[in-house]
Structure formats: structure tokens, C-alpha cells
Amino acid sequence: MSTKVSDHVLQRLRDWEVEYVFAYPGDGINGLLAAWGRAEDKPRFIQARHEEMAAFEAVGYAKFSGKVGVCAATSGPGAIHLLNGLYDAKLDHVPVVALVGQTNRSAMGGSYQQEVDLMALYKDVASDFCETVTVPEQLPNVIDRAMRTAMARRSVTAVILPADVQELDYSPPGHAFKMVPSSLGMPQYAPVPGDADLTRAAEVLNAGEKVAILIGQGARGARQEVMALAERLNAGVAKALLGKDALDDDLPYVTGSIGLLGTRPSYDMMTGCDTLLVIGSSFPYTQFLPEFGQARAVQIDIDPHMVGLRYPFEVNLVGDARETLTRLLPLLKGRKGKGWRKKIEKDTARWWEVMGRRAAVEADPINPEYVAHALDDLLPENVILAADSGSAANWYARHLRLRGAMRGSLSGTLATMGPGVPYVIGAKFAHGDRPAIALVGDGAMQMNGLAELITVAKYWQEWEDPRLIVAVLNNQDLNQVTWEMRAMSGAPQFLPSQSIPDVAYADHARLMGLHGIRVEKPEEVRGAWETALAADRPCVLDFVTDPAVPPIPPHASLDQIEAAAASVLKGDSDRTAMVRQGFKAKVQEFLPGGHKRSARPGAEGDA
């Protein structure tokens, strides 16, 4: 029997040691589906409920495995549906390869059914490599380049396969003019800066008295080196959200997240430092970095296209974080004065006390901060966490202390709704022996998560550790946007856009053979987490939470708090009557010690 192009595509993926392809079927990839049948489902075809979810699952798999995520979809609408998940990968620098069907070559250009100009459509999201296969001899080069480019550039690549090409007999490229043979493999490499640049960077860092370090996901492989650096410079370390698992949160000098979802000690460290070192992060919010001219700054990033962004860096070092720090550390002088470091540690310890007090504030019915706070000391040592976009990400960022082998991620740069549940599904295929938890809002759960519970029900019995917990913060409000409207626009909650139905999420889970618990009282929260963590199958926890608990940014001033209060007092739903009666008092209760007005928002206070 002859080998078809579709057979060779799957064989080449196996040669690249691809284990899973997250996908949804359609006639534009019928040739590939038939080849999967002939290949005895190797690599495994993991059936999502929607192509966007397939792409998110590939992203989650890639984020938590360190390997390339692969997804596939049919032509036209299937290819379009992939885009949001692929953009999530592109913006978070995650290696993902998309295999996409296309109409027959004979129909292209004829306004045929489901014909979309995929080269134009994918030009941006797969800008590093996007190619249409028109003859068999283009393989294996196209597959190899897609895989290798995704790995090397930590980006999205795409291979477009017309339906009729999938059915052609495969013939390899020959030793001939205009043939492009190819080979397998991606060599390991770790680029390092030149000695002169390292010396300049050391001079800047040695001259500083108050050094602040900001790390991102690019520092994940340099944990020990970052710790040694912080000790050498008596520095504090803040983390961009994508780097939350890059360094232990229980280290006394780790100030936690930075930015709108960040912590007060991170904000204060940036406003008070005289030297800044950024490692493996493209954190976008300049206003949360030191004032221009306040601090001398050095950046380390493996991607030369990402250096020099966000801040006027004096020295840019292009190189692998671990290898660069290994060469930089011997050039740094130990700093004797520890006043700066002691202040950072004191501020950080105080912040965690504030978090405990905020979690303990009474709410109607459950304080969402308590939901996350109660989980913190129950986290299994090898847990994998995902947070969805929205107010859930605030509580993930501020209340969960990742340490040791714990892993966590979210949609960092795209900040799209909906990846929380598919991320942990992808994670379970990467690490079936580890528990996984998704912290999601009810908006994201209704958008994507409910349907993807079907995927969980389909596959969970294959996993060595069956625990996959979806914790839904059910407040019947698209809460993050509601609070952004109040804080930034002074507008009350606009119910037609913000109010969403109450759904029986736990019941929905039980209908599919999963475990489900609805939690309506604060005293039930911890027990629900314990039950889910001890369950013999995936579990949905439906936490009924208070939409009036504000995800206030760390730099908020009293003026901004009062603006939010005024917007609520203009009129909201009956559900927020309690807030109308004493909104300012409630907010100040969440910010023990109170806020003071200041010329610079956030210069004083606890949050």
C-alpha cells in the first residue's frame, strides 16, 4: 500500500516525538483523519469540543511540558476558530504548530464552500513560518521547519494542507534542482552575551544601593542563579504573572506579582529602587516600573527582538537567563548594607498579613479572596494551576504562594477569557501523574469551560492521577470589567452587559459522571477544597461569591476608591444593596490601615 501525504505528515510528527495532537475533525482534514486510523491513533488525536479549545489545550500542554504543542483543524471555520488560542501562544511566546486543512487546489480562487485565504488569515499569528503544501515533495521540509521554528523562536507556526494534497501518494524530495531535503532534530543551545556587555552590566549593578529585580517566565530555568543574585545584591524580587512559578513565593524577599494584579510590596520596591534588573520578562506596564531617570537599569532576555522595551535600559544582555547569570555573578560585589533588603522583607511580611485579613472579611455570601486563600496551604507540592482572565486572576496572583515544583500559568499578554479549563486539560496530558486546578470566573466557565467538561469526562480515566479541579467563582457578574468601569470610568454596573445567569455548575459536572459541589457558606470552603483534593475523579467546585469584593490595584488612591464608591451609589442591582449602605467602609476594611490621598496614587497605604 502506498504512503499518502497524510501518512507521511503523521509519521514525521512521530519522528519529532509528538505524542498528542489537540484537534476537532472536519472534511478539510479527512485525509489526515484516515491516516490517523491507519496509524493506530499515533500521535494521539485528542478531541476537544471546539477548535479554539484545541488550540488552548495545545498551549497548556506546551506551557507545562516544555514541548511543542500541536493542534489541527479543518478548513474555513475550523481554521478561523483556532486563531484566538494561537494568538494566546504567540503573545506568550509558546511553541505551537497548527495543521490546517484547505479546500482542493482545483477549487482555490473559485469562492468555493469554506474557502478562506488562509495564508492571509495566518500571516500575522504564524508570521515566523506559514506554508501551504502543494506537492508531496515539499514534505518533510515543511513539517521540519514548522517544528524547528516553533521551538527556536518560541512561536506559532502553521502548515496548510489542501484536502486533495493529503490524498496524494508521498514522494520525497530528490537530489535535484529546486528540491529541498530536510533532516530532523533541534540542537540544544544557550546563547550568552559578550564579556564587554557583562562587564558594563556588572558596573551598573555594583553601583546600586537599592536594587530591584523583576523576573518573568524566561527566568524559570535560572531559579538558583536568581536566588544567588538576590543574596549578592541584597535585592528584592518581583515577578511578572507569567513568571509566578519561576521563584518560590515563600522566600522573604520575593514581593510577588507586579502590575494591576500585583502586590503592594512590589509596587513600593519599584517606586523606591535606584537600580533595576529585568530577567526574562516583557512585562508591558511601564507605569509600574521606576520613574524614568530614577533607576539605572539592565535587561536580560534570550530574544534580541525583545530587549530595550518598556524602560530606558542602560545595558541590554541577550542570552539565556541561567547561562548569563552564571557569567554575571562572579563580577558582582557583595553588598554589606542590608537596610533596603530588610525593608522589602518587612513590607512583604506585612502584605501577607494584609492578605489574610482581606480574606477574613465577611462578604455576601462568600469572599472570593477567601476561596483562594483557603487553598493556599492545601496546594499539593506538585500541583499545576491555571487561572482564567478576570477577577479570578487577581486572587491567583495575590493569594496563592507557588513554591518548589508547583507550576502555574494564565493567558498573560493576550489576557483572553476562556483558557483556564483547556489549559489544565493540556496539562493533564503533559503530566497525568500530577493534580491540576483551574481557578475560573463564571463568565469564562459559561463561555468555554462547561463544554470542555465533556472533554474531561471523555479522557480523565486515562490519567494516573485523576484529580482535575475546576473552581468556579460564581458571582453572576462579569466582575473584572464591572470594577474597571467603576474605577476607571466612574460608571455604575451596566446590568445588560455585566449580569450573567446563575448556572448549576456542580450539577452539570455530576451529570457527566464527575464530582461536583456547590458551596454557599464560608465555613464550607475549606472542606470543599479538601474533598475535591481527595476525590477519585475530576471535580467542579461552584463557589457562590460576592461580586462586591473589589479587585483594587496595588497603587489605588482614596480618590479612585471614592470614585468607584460613587459609581455604585448611582445605582446597581439589588445584589449590591449592602455596598450602597457602606461601600467606603467596606473597601477600607479590605485595606487595613486605610488609604491617604497623595499627589502620586499609591504612595501611601497598605494595598
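These numbers were taken from a predicted model, which means no experiment stands behind them.

About the thresholds
Residues numbered from 1 in each chain as written. Predicted model: local features only at pLDDT ≥ 70, side-chain atom pairs only at ≥ 80, totals over all residues. Heavy atoms only, no water. Helix = DSSP H or I, 4+ residues; strand = E, 2+ residues; numbered from the N terminus. Rg over C-alpha atoms; globule rule 2.2 N^0.38 Å. Buried < 20%, exposed > 50% of the residue type's maximum accessible area, 1.4 Å probe, protein only. Contact = heavy atoms within 4.5 Å. Areas by Shrake-Rupley, 256 points an atom, 1.4 Å probe, with all protein chains shown as cover. Lys, Arg positive; Asp, Glu negative; His and termini not counted. Charge placed at Lys NZ, Arg CZ, Asp CG, Glu CD. Core = buried A, V, L, I, M, F, W, Y, C linked by side-chain atoms within 4.5 Å. Pairing = 2+ DSSP bridges. Axes fitted to C-alpha atoms, helices over the stretch in contact; angles between N-to-C directions. Bend = angle between axes of the 7 residues up to and from the residue. Phe/Tyr/Trp six-rings, centres within 6.5 Å; stacked < 30°, edge-to-face > 60°. pLDDT = per-residue confidence, 0-100. Polar contact = N/O pair within 3.5 Å; in protein donor to acceptor, adjacent residues only side chain to side chain.

Chemist: Run through the overall build of the protein chain, naming residues and quoting values.
Modeler: Within the protein chain, the regular secondary structure consists of 22 helices and 18 strands. In terms of C-alpha radius of gyration, the protein chain reaches 25 Å, essentially the compact-globule figure of 25 Å for 607 residues. Each of the three principal axes of the protein chain carries a C-alpha extent, and together these read 75 × 65 × 45 Å. Expressed as a percentage of its 607 residues, the buried residues of the protein chain come to 57%. Sequence separation of at least 24 residues holds for 74% of the intrachain contacts in the protein chain that already meet a minimum separation of 6. With the model as given, the accessible surface of the protein chain reaches about 23100 Å², and the carbon-plus-sulfur share is 52%. Side-chain charges in the protein chain split into 62 positive and 74 negative, and the spacing between the mean points of these groups amounts to 5 Å.

Chemist: Please provide a residue-by-residue account of the environment of Ala48, values included.
Modeler: With respect to the element layout, Ala48 can be found in the loop between strand 2 (44-47) and helix 3 (51-65). On the basis of relative accessibility, which here comes to 0%, the residue Ala48 falls in the buried class. A sequence separation of 307 residues divides Ala48 from Met355, and the C-alpha atoms of the two residues are 37 Å apart. Leaving out residues up to four positions away in the same chain, Ala48 has contacts with Ala23, Tyr24, Met53, Ala54, Glu57, Glu452 and Thr455.

Chemist: Tell me about the nonpolar core, and please be specific about residues and values.
Modeler: Grouped together as the largest cluster of nonpolar side chains are 57 residues, with contacts concentrated most on Leu82, Leu86, Val96, Tyr122, Phe429, Met445 and Val470. Looking at this core element by element, the count peaks at nine residues for helix 3. Discounting residues that sit within four places of it in the chain, Phe429 has contacts with Tyr20, Phe22, Ile46, Tyr61, Tyr459, Glu462 and Trp463. Membership of the second largest hydrophobic core comes to 39 residues, among which are Leu241, Val383, Leu400 and Val519.

Chemist: Please provide a residue-by-residue account of the sheet that holds strand 8 (residues 236-239), values included.
Modeler: Read across the sheet, six strands follow the order 9-8-7-10-11-12 without closing on themselves; strand pairing throughout is parallel. Where the open sheet ends on each side, the last strands, each with one partner, are strand 9 (254-257) and strand 12 (315-318). Between one strand axis and the next, the sheet turns through 15° on average, direction left out of account. The sheet contact formed by strand 8 and strand 9 spans three bridges and is parallel. Pairing of Val237 across the sheet is with Val254, part of strand 9. Packed onto the sheet, helix 9 (residues 223-233) meets strand 7 (211-215), strand 8 and strand 10 (275-279) and runs at close to 170° relative to strand 7.

Chemist: For helix 16 (residues 442-459), give the residues involved together with the corresponding values.
Modeler: Bending of helix 16 peaks at approximately 50° at the position of Asn448. Inspection of helix 16 places Asp442, Gly443, Ala444, Met445, Asn448, Gly449, Leu450, Glu452, Leu453, Thr455, Val456 and Tyr459 among the buried residues, and these make up the whole buried set.

Chemist: Any chance you could break down the side chain of Glu225 for me, citing the residues and the numbers?
Modeler: Within the element layout of this structure, Glu225 appears in helix 9. Glu225 gets classed as buried once you look at its relative accessible area, which sits at 13%. Apart from the residues lying within four places of it in its own chain, the contact partners of Glu225 are Arg322, Leu325, Thr326 and Leu329.

Chemist: Let's hear about the sheet that holds strand 6 (residues 156-162): which residues, and what values?
Modeler: The parallel open sheet is built from six strands, whose spatial order is 2-1-3-4-6-5. Edge positions in the sheet fall to strand 2 and strand 5 (130-132), since each of these pairs with one other strand and no more. Each adjacent strand pair in this sheet contributes to an overall mean axis angle of 25°, direction not counted.

Chemist: How would you explain the packing of aromatic side chains if you had to name every residue and give the values?
Modeler: Under the definition given, this model contains 15 aromatic pairs. Between Trp36 and Phe45, the ring centres sit 5.0 Å apart and the planes meet at 90°, which makes this aromatic pair edge-to-face. Each member of the pair, Trp36 together with Phe45, is buried. Each ring, one from Tyr285 and one from Phe288, has its centre 6.3 Å from the other, and the planes form 80°; the classification is edge-to-face. Given the relative accessible area of 36%, Tyr285 is considered partly exposed. A relative accessible area of 2% means that Phe288 is categorised as buried.

Chemist: Now, about the confidence of the model for the protein chain: what can you tell me, with residues and values included?
Modeler: Do not read the predicted coordinates in detail wherever pLDDT is low. Looking at the protein chain as a whole, its pLDDT mean stands at 90, while 91% of the residues score no less than 70. Here residues 568-586 is a poorly scored stretch, pLDDT under 50, and it has 39 contacts once near neighbours within four places are set aside; other chains count. Here residues 589-607 is a poorly scored stretch, pLDDT under 50, and it has 54 contacts once near neighbours within four places are set aside; other chains count.

Chemist: Just give me the short version of the pairing of strand 11 (residues 296-301), but keep the residues and values in it.
Modeler: The buried fraction of strand 11 amounts to five of the six residues, a majority that puts the element mostly inside the structure. Relative to strand 11, strand 10 runs parallel, the two being bridged by five bridges. Looking at the pairing, Leu276 lines up with Ala297 of strand 11. Of the pairings in the sheet, the one linking strand 11 to strand 12 comprises four bridges and is parallel in character. Of the residues in strand 12, the one forming a bridge with Gln299 is Asn316.

Chemist: So what's going on with the side chain of Thr74? Residues and values would help.
Modeler: For Thr74, the location among the structural elements is in the loop between strand 3 (69-73) and helix 4 (77-91). In this structure the side chain of Thr74 is engaged in a polar contact, spanning 2.8 Å, whose partner is the backbone nitrogen of Gly28.

Chemist: Help me get a handle on unusual backbone geometry, residues and values and all.
Modeler: With omega at 0°, the peptide bond leading from Lys42 into Pro43 counts as cis. Here Leu139 and Pro140 are connected by a cis peptide whose omega angle stands at 10°. Positioned with a positive phi, His93 is a non-glycine residue whose angle comes to about 60°. One can find His93 in the loop between helix 4 and strand 4 (96-102). Residue classification places His93 among the partly exposed positions, given a relative accessible area of 27%.

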